[in-house]
Amino acid sequence: MKLEVEPEPPIAAELFGGRIGLARRFTANLAEHGEQRGLIGPSEPPRLWSRHILNCAVLAPLLNPGRVADIGSGAGLPGIVLSIVRPDISFVLVEPMERRIAWLDEQIEELGLTNVTTLRARAEEIHLDEAFDQVTARAVSALRTLIPLTAPLVKPGGRLLLMKGSGVTRERDAAAKVIGRHRLKNVEIDSLGEGVLDEVTYLFQATVG
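Predicted model, so just to flag it, every value in this text is computed and none were measured.

> Tell me about the pairing of strand β4 (residues 132-138), residues and numbers included.
Burial within β4 is extensive, with six of its seven residues counted as buried. Judged from the four bridges that link them, strand β1 (residues 67-71) and β4 form a sheet pairing that is parallel. By the bridge assignment for β4, Ala69 is matched with Val135. Tracing the backbone out of β4, into helix α6 (residues 143-150) and back to the parallel element strand β5 (residues 154-164) gives a crossover that is right-handed.

What follows is the structure in structure tokens.
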């Protein structure tokens, strides 16, 4: 049976610029091997570009230069995608599952990405010599659970950029005590991809005090 994969949307070349070739290779690899390796579900290839690749790429302009940890990287969404778009940023992809780390390492090597490394660990197991400038995560867990795992990894004045679904406002309200406990400031909820993508994504971002 022929694999049905979503055609590349025209906006992809604009978002990835001169690095669109790397994005195409990564997307093709994920479409071909993702389901078999337990990285994506069987319904994902027909919407891989719009729902996943481009959905992650629209976060890239909001990142500041520095060191970024992507928590629960899984298939490389958003970590691999962001490292393609932003070669000026150093990424660490944090993932506890060995088979997913193997996948990430394979993609880093095949794509020749020199600005990204992997770390097999859970967020709560990380012991840092130096905190990160920013931490990202996509579809990992609810904010009241995710913030205590990610905020301690960020240096004072650094930022959390957590990609969420349409229920992000409810999650933020439910996490009010956690937000206060971790002294998060400049808390914002933004929608990314409006006018660009068919389906926008939502971003919880905050500065760590």
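> So what's going on with the packing of helix α2 (residues 20-33) against helix α3 (residues 48-57)? Residues and values would help.
Orientation of α2 relative to α3, taken along the N-to-C sense of each, is 125 degrees, at an axis distance of 12 Å. When the interaxial angle is binned, α2 and α3 end up oblique. Handedness of the crossing formed by α2 with α3: right-handed. Judged by residue contacts, Ile20, Ala23, Arg24, Phe26, Thr27, Leu30 and Ala31 of α2 engage Leu48, Trp49 and Ile53 from α3.

> Could you give an account of the sheet that holds β4, naming the residues involved and the relevant values?
Strand order in the open sheet formed by seven strands is β3-β2-β1-β4-β5-β7-β6, and the pairing between neighbours is mixed. Each edge of the open sheet is held by one strand with a lone partner, namely β3 (116-119) and β6 (184-192). Across this sheet, the average inter-strand angle for adjacent strands is 20 degrees, counted without regard to direction. Two elements, strand β2 (residues 90-94) and β3, share four bridges in a ladder whose sense is parallel. Across the sheet, residue Phe91 finds its bridge partner in β3, namely Val116.

> Kindly report on the layout of surface pockets, identifying the contributing residues and their values.
The calculated volume of the largest pocket comes to roughly 740 Å³. Around the largest pocket, the lining is made up of 34 residues, and of these Gly72, Leu77, Arg138, Ala139 and Val140 lie nearest the centre. Sorting the residues of the lining of the largest pocket by element identifies α3, α6, β5 and β7 (201-208) as the ones contributing at least two each. For the lining of the largest pocket, the residue count by class is 17 nonpolar, nine polar and eight charged.

> Can you lay out α2 for me, pointing to particular residues and giving the numbers?
Along its 14 residues, α2 runs 20 Å from first to last C-alpha, staying within 8% of the 20 Å computed at 1.5 Å per residue. Along α2, the residues that are buried comprise Ile20, Leu22, Ala23, Phe26, Thr27, Asn29, Leu30 and Ala31. Elements in contact with the buried residues of α2: α1 (11-16), α3, α4 (79-85) and α5 (98-111).

Parameters and conventions
Residues numbered from 1 in each chain as written. Predicted model: local features only at pLDDT ≥ 70, side-chain atom pairs only at ≥ 80, totals over all residues. Heavy atoms only, no water. Buried < 20%, exposed > 50% of the residue type's maximum accessible area, 1.4 Å probe, protein only. Helix = DSSP H or I, 4+ residues; strand = E, 2+ residues; numbered from the N terminus. Pairing = 2+ DSSP bridges. Right-handed = clockwise from strand over helix to strand, strands pointing away. Axes fitted to C-alpha atoms, helices over the stretch in contact; angles between N-to-C directions. Parallel < 35°, antiparallel > 145°, perpendicular 65-115°, else oblique. Left-handed = near helix turned anticlockwise from the far one by under 90°. Contact = heavy atoms within 4.5 Å. 1 Å grid on protein atoms, 1.4 Å probe; cavity = no way out; pocket = protein on both sides within 12 Å on 5 of 7 lines; lining within 4 Å. Points joined across faces, edges and corners; volume = space filled by probe spheres on them. Nonpolar A, V, L, I, M, F, W, Y, C, P; charged D, E, K, R; others polar. Expected span 1.5 Å × (residues − 1).

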